[in-house]
Amino acid sequence: MLLRQQTILSVKCFWGVFEVVVSGLMICTMSGLTVLCTGVWNDAPAEQAAAMPTMAFQSVFGNETGGIIVSVAMLFFVVSTMIVQVYYGERQCEFFLGTKIAKIGKLIFVLSVFLGAVLNLSTIFAFLDLILGIALFPHLIALIVMSGQVVELKNEFFTDPRYYLRDVGEKASRKGRAS
């Protein structure tokens, strides 16, 4: 049972890191390259830096289509981010405070989505800065305390034939059969 829990934890951690890296790299790289390739960064003032990806897509696809592309991409990014934040917030509440409190925590997270839609943007940013600052300390402490276990699990994942090496072996055998 413990091995199964460790396996599930290893896979969740691996995919959590993978998701953040891929989505961040894809969105940031696509936005940055679009802004650079279209030359919008030369024309737009620094105060409009946040609008540069939209302006870049509009310069290539037209005002309407470019705006739709950026709006749809932002919608997917925002919705997926909200889902992940609610999920991880609920799991943290469940771990630290129990299952009953986790349901209340989930309600608070969902309520915060509504408040984010109706409150002033500067109020939201101030609140987010406060919450992220508070959340930083327990994460840093946990990172330091668990660093040995993380390295151990990483080494186990990449050297144990039950996990990563099994996939590598299967790919090598398929590649050998294809040749």
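I will try to describe carefully the structure that is included in this document. (Residues numbered from 1 in each chain as written. Predicted model: local features only at pLDDT ≥ 70, side-chain atom pairs only at ≥ 80, totals over all residues. Heavy atoms only, no water.)

For the rest of this paragraph, the subject is the overall build of the protein. Counting secondary structure elements, the protein contains seven helices and zero strands. Reading the secondary structure of the protein in the N-to-C direction produces α-α-α-α-α-α-α. Evaluated residue by residue, the protein yields a buried proportion of 13% over its 179 residues. Sequence-distant contacts in the protein: of pairs separated by 6 or more residues, those separated by 24 or more amount to 26%. Surface summary for the protein: the accessible area is close to 14000 Å², and the carbon and sulfur share equals 73%. (Helix = DSSP H or I, 4+ residues; strand = E, 2+ residues; numbered from the N terminus. Buried < 20%, exposed > 50% of the residue type's maximum accessible area, 1.4 Å probe, protein only. Contact = heavy atoms within 4.5 Å. Areas by Shrake-Rupley, 256 points an atom, 1.4 Å probe, with all protein chains shown as cover.)

Quick look at the nonpolar core now. If you look at the biggest cluster of nonpolar residues, it comprises five residues: Val35, Val40, Ala44, Met52 and Ala56. Those residues in contact with Val40 that sit more than four places away from it in its chain are Val35, Met52, Met55, Ala56 and Ser59. (Core = buried A, V, L, I, M, F, W, Y, C linked by side-chain atoms within 4.5 Å.)

Here we come to the environment of Asn120. Assignment of secondary structure puts Asn120 in the loop between α5 (99-118) and α6 (121-159). Residue Asn120 is classed as partly exposed on the basis of its relative accessible area of 48%. A distance of 2.9 Å separates a polar side-chain atom of Asn120 from the backbone nitrogen of Ser122. (Polar contact = N/O pair within 3.5 Å; in protein donor to acceptor, adjacent residues only side chain to side chain.)

Summed over the entire model, instances satisfying the criterion amount to three aromatic pairs. Relative to Phe61, the ring of Phe57 has its centre 6.2 Å away and its plane inclined at 15 degrees; by these criteria the two rings are stacked. With Phe57 and Phe61 both in helix α3 (residues 52-61) and four residues apart, the pair spans about one turn of that helix. On the basis of relative accessible area, Phe61 is assigned to the partly exposed category, the value being 44%. Ring geometry for Phe157 versus Phe158: centroids 5.1 Å apart, planes at 90 degrees, classification edge-to-face. (Phe/Tyr/Trp six-rings, centres within 6.5 Å; stacked < 30°, edge-to-face > 60°.)

A word on helix α4 (residues 63-97). Along its 35 residues, α4 runs 49 Å from first to last C-alpha, staying within 8% of the 51 Å computed at 1.5 Å per residue. Those residues of α4 lying buried are Gly66, Gly67, Val70, Val86, Gly89, Glu90 and Cys93. On the buried face of α4, the contacting elements are α3 and α5. Phi for Gly98, located one or two positions after α4, is positive at around 105 degrees. (Expected span 1.5 Å × (residues − 1).)

These results come straight from atomic positions and should not be treated as a statement about function.
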